[in-house]
Amino acid sequence: MSALPETPWSRRIDGWVRRIGDAVSWIWGLLLLVIVSNVVLRYVFGRGFIEFEELQWHLYAVGFLTGLSYCYESDTHVRVDVVRERLPIRHQAWLEFYGVLLLLVPFIALIVIYGVPFAYAAWRSDEISQSPGGLSHRWLIKSMLPLAFALLGLATLSRLSRLSALLFGSGPRAERR
């Protein structure tokens, strides 16, 4: 829904989310390099490294988790628009407003609330991989869960401010269909 008006809050937060997403986007190239290296080492030289496999999972997790907020901010996430796209813009906004408040915000809150102790426990115990030769500092990747969802929470608050501006008139009105 690109017709949403911007608010001072959304401009600041959206810019921040975009910068973080742009900065982390290099991780996909690094992931590709690690995957290709792992395949070459395994199938050409007959030597596999568990560290590379775990690094692949970690890089993918960082890219995917960070990408959630980036996609939501830029409105490029997947939607099932069978009904929604045929609705007038204000109805679309109401549908998204209630969906965000009733589904997305509680889900983000649960992930952050339970993710922080999850990561903290890994940090306190200095958790490492159970695989021989696996990566240490497991708390780093576990910390990405609450951090990424906190970033998604900020992107969600930005989106709510934009939806509110359209629905409640606290900013320029978007055109109606």
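Basis of the calculations
- Residues numbered from 1 in each chain as written.
- Predicted model: local features only at pLDDT ≥ 70, side-chain atom pairs only at ≥ 80, totals over all residues.
- Heavy atoms only, no water.
- Helix = DSSP H or I, 4+ residues; strand = E, 2+ residues; numbered from the N terminus.
- Rg over C-alpha atoms; globule rule 2.2 N^0.38 Å.
- Buried < 20%, exposed > 50% of the residue type's maximum accessible area, 1.4 Å probe, protein only.
- Areas by Shrake-Rupley, 256 points an atom, 1.4 Å probe, with all protein chains shown as cover.
- Lys, Arg positive; Asp, Glu negative; His and termini not counted.
- Charge placed at Lys NZ, Arg CZ, Asp CG, Glu CD.
- 1 Å grid on protein atoms, 1.4 Å probe; cavity = no way out; pocket = protein on both sides within 12 Å on 5 of 7 lines; lining within 4 Å.
- Points joined across faces, edges and corners; volume = space filled by probe spheres on them.
- Nonpolar A, V, L, I, M, F, W, Y, C, P; charged D, E, K, R; others polar.
- pLDDT = per-residue confidence, 0-100.
- Contact = heavy atoms within 4.5 Å.
- Salt bridge = Lys/Arg side-chain N within 4 Å of Asp/Glu carboxyl O.
- Phe/Tyr/Trp six-rings, centres within 6.5 Å; stacked < 30°, edge-to-face > 60°.
- Lys NZ or Arg CZ within 6 Å of the ring centre and 35° of its normal.
- Polar contact = N/O pair within 3.5 Å; in protein donor to acceptor, adjacent residues only side chain to side chain.

**Notes on the overall build of the protein**
Summing up its helical and strand segments, the protein has 5 helices and 0 strands in all. Going from the N terminus to the C terminus, the protein shows its helices and strands as α-α-α-α-α. Since a compact globule built from 177 residues should have a radius of gyration of about 16 Å, the 20 Å found for the protein marks it as more spread out than a globular shape. Reported as C-alpha extents along the three principal axes, the dimensions of the protein are approximately 60 × 35 × 30 Å. Among the 177 residues that make up the protein, the fraction classed as buried is 37%. For the protein, the exposed surface amounts to about 10,700 Å²; the carbon and sulfur share of it is 68%. Between the mean site of the 18 positive side-chain charges and the mean site of the 14 negative ones, the protein shows a separation of 7 Å.

**Some words on the layout of surface pockets**
Considered as a void within the structure, the largest pocket measures approximately 350 Å³ in volume. Along the wall of the largest pocket there are 14 residues; nearest its centre are Tyr 72, His 77, Arg 79, Val 100 and Leu 104. Counting only elements with at least two residues in the lining of the largest pocket, the list comes to α3 (50-74), α4 (89-124) and α5 (138-168). With 6 residues, the top contributor of residues to the lining of the largest pocket is α4. A per-class count over the lining of the largest pocket returns 9 nonpolar, 3 polar and 2 charged.

**Re the confidence of the model for the protein**
In this model, the protein carries an average pLDDT of 88, and 94% of its residues clear a pLDDT of 70 or more. A low-confidence stretch, residues 171-177 stays under pLDDT 50, and its non-local contacts, those more than four residues away or across chains, total 17 contacts.

**Looking at the pattern of salt bridges**
The full count for this structure, using the stated rule, is 7 salt bridges. The salt bridge involving Arg 11 is made with Glu 6; its shortest N-O contact spans 3.7 Å. According to the relative accessible area criterion, Glu 6 is partly exposed, its value standing at 43%. One salt-bridge network, in which partners are shared between bridges, spans Asp 75, Glu 96 and Arg 159.

**Here we look at the packing of aromatic side chains**
Aromatic ring pairs are defined here through the distance separating the ring centres and the angle between the ring planes. Using the criterion set out here, one finds 10 aromatic pairs in the structure. When the centroid spacing of 5.9 Å and the interplanar angle of 85 degrees are considered together, the rings of Trp 94 and Phe 97 count as edge-to-face. Note that Trp 94 and Phe 97 are positioned in helix α4 at a spacing of 3 residues, about one turn of the helix. Classification of Phe 97 by relative accessible area gives buried; the value is 11%. Here the aromatic rings of Phe 97 and Phe 168 are separated by 5.7 Å at their centres, their planes lie at 75 degrees, and the arrangement is edge-to-face. Placement of the pair is Phe 97 in helix α4 and Phe 168 in helix α5, with a sequence separation of 71 residues. These aromatic residues form a ring-pair network of at least three members: Trp 94, Phe 97, Tyr 98 and Phe 168. Directly above the aromatic system of Tyr 72 lies the positively charged group of Arg 159, at a separation of 5.9 Å from the ring centroid.

**A closer look at the side chain of Glu 73**
Checked against the element boundaries, Glu 73 lands in helix α3. For Glu 73, a relative accessible area of 8% gives the class buried. A distance of 2.5 Å separates polar atoms of two side chains, one belonging to Glu 73 and the other to Arg 18.

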